[in-house]
Amino acid sequence: MYVVKMPWMVRKWYNEFYWKLPEKEKVIYLTFDDGPHPFATPFVLEQLKKYGAKASFFCVGNNVRLYPELTKQIREEGHCLGNHTMHHMNGWKVRDEEYIADVIAAAELLPTGWFRPPYGRIRQRQFRQLKQVFPSLQVMMWDVLSADFDQSLTGEVCSQNVIRHAGPGSVVVFHDSTRAWERLEIALPKVLEHFSKEGYVFRALPDVELVNQ
């Protein structure tokens with residue numbers, strides 16, 4: 001189960017996390033989860049460059065280890081990196097110690113203060129423990145899901161999910177992954193084209209330095 005547009009009550013209940021940014025200008029923050037990926041990530045970077053767009057990539061540590069040159073390319077092209085755990089771990093399904101250790105392992109490869117829990121699932125006590133280890137850590141959730149991970153959808157539907165619901169300050173989630181690829185390759189160019197014509201710009205999240213306790 002998922003919702004395309006995050007309800008305001010959820011954002012209020014979990015107000016220690018970021019869900020969108022307070023932009024009055026026409027700015028959208030595209031984010032990409034689960035990479036880097038050998039063909040999805042280069043495609044994303046190519047599309048972003050075509051529109052002069054910047055974005056943020058919440059990377060799985062194990063994929064960073066497998067594709068270090070792609071990770072380097074993301075940074076060199078002016079995009080932001082975020083931690084997405086080492087092994088794409090669901091915080092609701094593992095012991096706290098295992099989860100914290102997995103995030104720390106990813107942080108060794110991704111020294112960034114931005115973190116997004118896979119599936120958006122993290123226990124409050126896990127968050128508190130992570131803040132003890134990394135006081136500067138900031139959790140970025142999202143405002144709008146493209147739902148490109150949903151294999152029952154088409155790329156056109158995923159593009160419309162974003163076009164109908166995103167606005168100034170929205171944080172939008174795509175996935176540079178094998179699972180999402182068939183929808184990503186259709187939806188992303190449509191989203192970039194639509195909002196560019198509407199006068200929007202696409203920015204990366206501001207860098208947050210990772211500070212250890």
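Criteria and thresholds
Residues numbered from 1 in each chain as written. Predicted model: local features only at pLDDT ≥ 70, side-chain atom pairs only at ≥ 80, totals over all residues. Heavy atoms only, no water. Axes fitted to C-alpha atoms, helices over the stretch in contact; angles between N-to-C directions. Helix = DSSP H or I, 4+ residues; strand = E, 2+ residues; numbered from the N terminus. Parallel < 35°, antiparallel > 145°, perpendicular 65-115°, else oblique. Left-handed = near helix turned anticlockwise from the far one by under 90°. Contact = heavy atoms within 4.5 Å. Nonpolar A, V, L, I, M, F, W, Y, C, P; charged D, E, K, R; others polar. Core = buried A, V, L, I, M, F, W, Y, C linked by side-chain atoms within 4.5 Å. Buried < 20%, exposed > 50% of the residue type's maximum accessible area, 1.4 Å probe, protein only. Patch = residues over 30% accessible without salt bridge, like charges linked within 9 Å, V, L, I, M, F, W, Y side chains within 5 Å. Areas by Shrake-Rupley, 256 points an atom, 1.4 Å probe, with all protein chains shown as cover. Salt bridge = Lys/Arg side-chain N within 4 Å of Asp/Glu carboxyl O.

Before going further, it helps to examine the packing of helix α2 (residues 40-50) against helix α4 (residues 68-76). Direction vectors running N to C along α2 and α4 enclose 15°, while the axes themselves pass 11 Å from each other. Classed by the angle they form, the pair α2 and α4 counts as roughly parallel. Judged by the sense of rotation from one axis to the other, the crossing of α2 with α4 is left-handed. Facing α2, whose interface residues are Thr-41, Pro-42 and Leu-45, α4 presents Leu-70, Gln-73 and Ile-74. Counted by class, the contact of α2 with α4 contains four nonpolar, two polar and no charged residues.

A few words now on the nonpolar core. Core analysis: the biggest nonpolar cluster contains 33 residues, and Leu-30, Phe-32, Leu-48, Phe-57, Phe-174, Leu-188 and Phe-195 have the highest contact counts within it. Among the elements of the structure, β1 (27-33), α2, β2 (56-59), α7 (155-165), β7 (171-175) and α8 (181-197) are those that each provide at least two residues to this core. When residues in this core are grouped by element, the largest group, seven residues, is from α8. Apart from residues lying up to four places away in sequence, Leu-188 is in contact with Leu-30, Phe-32, Phe-43, Val-44, Gln-47 and Phe-174. Core analysis: the next-biggest nonpolar cluster, separate from the first, contains 31 residues, Val-94, Ile-122, Trp-142 and Leu-205 among them.

Moving on: a nonpolar patch on the surface. A surface patch of nonpolar side chains, about 490 Å² in accessible area, is lined by Trp-8, Met-9, Trp-13 and Tyr-14. Position of Trp-13 relative to the elements: it lies in helix α1 (residues 8-13). Residue Trp-13 is classed as exposed on the basis of its relative accessible area of 58%.

The next point concerns the pattern of salt bridges. This model, assessed by the stated rule, comprises 13 salt bridges. Between Lys-49 and Glu-77 there is a salt bridge whose closest N-O contact spans 3.6 Å. Separated by 28 residues along the polypeptide, Lys-49 in helix α2 and Glu-77 in the loop between α4 and β3 (80-83) bring together distant segments of the chain. Its salt-bridge partner being Lys-197, residue Glu-193 comes within 3.2 Å of it at the nearest N-O pair. Highlighted residues: Glu-193 and Lys-197, both in helix α8, separated by four residues, approximately one helical turn. The class for Glu-193 is partly exposed, based on a relative accessible area of 35%. Under the relative-accessibility criterion, Lys-197 is labelled exposed at 65%. In the salt-bridge network here, residues are joined through shared partners; they are Lys-5, Arg-11 and Asp-143.

For the bond running from Gly-35 to Pro-36, omega is -5°, close enough to zero to count as cis. Locating Pro-36 in the fold gives a position in the loop between β1 and α2. Its identity as a non-glycine residue notwithstanding, Thr-85 has a phi of 70°, on the positive side. Position of Thr-85 among the secondary structure elements: in the loop between β3 and α5 (96-109). Positive phi is not limited to glycine here, since Tyr-119 has a value of about 65°. Structurally, Tyr-119 is set in the loop between β4 (114-115) and α6 (124-133).

Right, let's talk about the environment of Gln-47 for a bit. Within the fold, Gln-47 resides in helix α2. Sequence-wise, Gln-47 and Ile-28 are 19 residues apart; in three dimensions their C-alpha atoms are separated by 15 Å. Apart from the residues within four sequence positions on either side, Gln-47 is in contact with Leu-188, Pro-189 and Leu-192.

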